[in-house]
Amino acid sequence: MVRLPLTPAEVERGQRLGALLRRARGERSMLRIALDAHVSPETLRKIESGRVATPAFPTIAAIADVLGLSLDAVWAEISRPEGDVEPTDTDHDAPERLAS
């Protein structure tokens, strides 16, 4: 099966997902989060960097669970309309808001 190229919207959504996961991970070790989620550290690194823009649902579900994020919050964050302001890295309450 040939995989079609990603649309610009899919690429942007993947970048948003990566940024969200990096913010939620904070200072915690990428290795520890990956192992706790039962994914390889390289997989987590690729998702966080946006190199894997459309990861498998079970992968995201596992990572979100380890980070304490609800899937509803993840989806709301990554699917917001273009042009919405992205939370800054100094927004320390973002992971807590997303987890509730």
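Residues numbered from 1 in each chain as written. Predicted model: local features only at pLDDT ≥ 70, side-chain atom pairs only at ≥ 80, totals over all residues. Heavy atoms only, no water.

## A few points about the nonpolar core
1) Next: In this structure, Leu17, Leu21, Ile63, Leu67, Leu69 and Val74 are the most contacted members of the largest nonpolar core, which totals 18 residues.
2) Next: Those elements that place two or more of their residues in this core are helix H1 (8-25), helix H2 (30-37), helix H3 (41-49), helix H4 (57-67) and helix H5 (71-78). (Core = buried A, V, L, I, M, F, W, Y, C linked by side-chain atoms within 4.5 Å. Buried < 20%, exposed > 50% of the residue type's maximum accessible area, 1.4 Å probe, protein only. Helix = DSSP H or I, 4+ residues; strand = E, 2+ residues; numbered from the N terminus.)

## Overview of H4
1) Next: The complete set of buried residues in H4 reads Thr59, Ile60, Ile63, Ala64 and Leu67. Seen from one end, H4 has its buried residues packed into an arc of 125°, which puts them on one side. H4 presents Phe57, Pro58 and Asp65 as exposed residues on the side facing more than 90 degrees away from its buried surface.
2) Next: Tucked inside the fold, the buried residues of H4 contact H1, H2, H3 and H5.
3) Next: Glycine 68 occupies a position one or two residues after H4 and carries a positive phi of about 75°. (Arc of directions from axis to C-beta. Contact = heavy atoms within 4.5 Å.)

## Concerning H2
Each turn of an α-helix holds 3.6 residues, which means side chains three or four residues apart point in the same direction.
1) Next: Listing the buried residues of H2 in full gives Met30, Ile33, Ala34 and Ala37. Angular distribution of buried residues about the axis of H2 spans 95°; they occupy a single face of the element.
2) Next: If you follow the buried residues of H2, they end up packed against H1, H3 and H4.
3) Next: By the N-cap criterion, in which a side-chain oxygen at the helix start approaches the backbone nitrogen of a residue two or three places on, H2 is capped by serine 29, the distance to leucine 31 being 3.1 Å. (Polar contact = N/O pair within 3.5 Å; in protein donor to acceptor, adjacent residues only side chain to side chain.)

## Remarks on the packing of H1 against H3
Helix-helix packing is characterised by the crossing angle of the two axes and by the distance between the axes.
1) Next: Contact geometry of H1 with H3 gives a least axis separation of 6 Å together with a crossing angle of 115°. Residues Gly14, Leu17, Gly18, Ala19, Leu21, Arg22 and Arg25 of H1 form the contact with H3, whose own contacting residues are Ile47, Glu48 and Ser49.
2) Next: By residue class, the composition of the contact of H1 with H3 is four nonpolar, three polar and three charged. (Axes fitted to C-alpha atoms, helices over the stretch in contact; angles between N-to-C directions. Nonpolar A, V, L, I, M, F, W, Y, C, P; charged D, E, K, R; others polar.)

## Describing the pattern of salt bridges
Pairing between side chains becomes possible if they bear opposite charge and their charged atoms approach one another.
1) Next: Scanning the entire structure with this criterion turns up six salt bridges.
2) Next: For glutamate 77, the salt bridge identified is with arginine 23, shortest N-O distance 3.1 Å. Here glutamate 77 is found in helix H5, whereas its partner arginine 23 is found in helix H1, with 54 residues between them in sequence. Assigned by exposure class, glutamate 77 and arginine 23 land together as buried. (Salt bridge = Lys/Arg side-chain N within 4 Å of Asp/Glu carboxyl O.)

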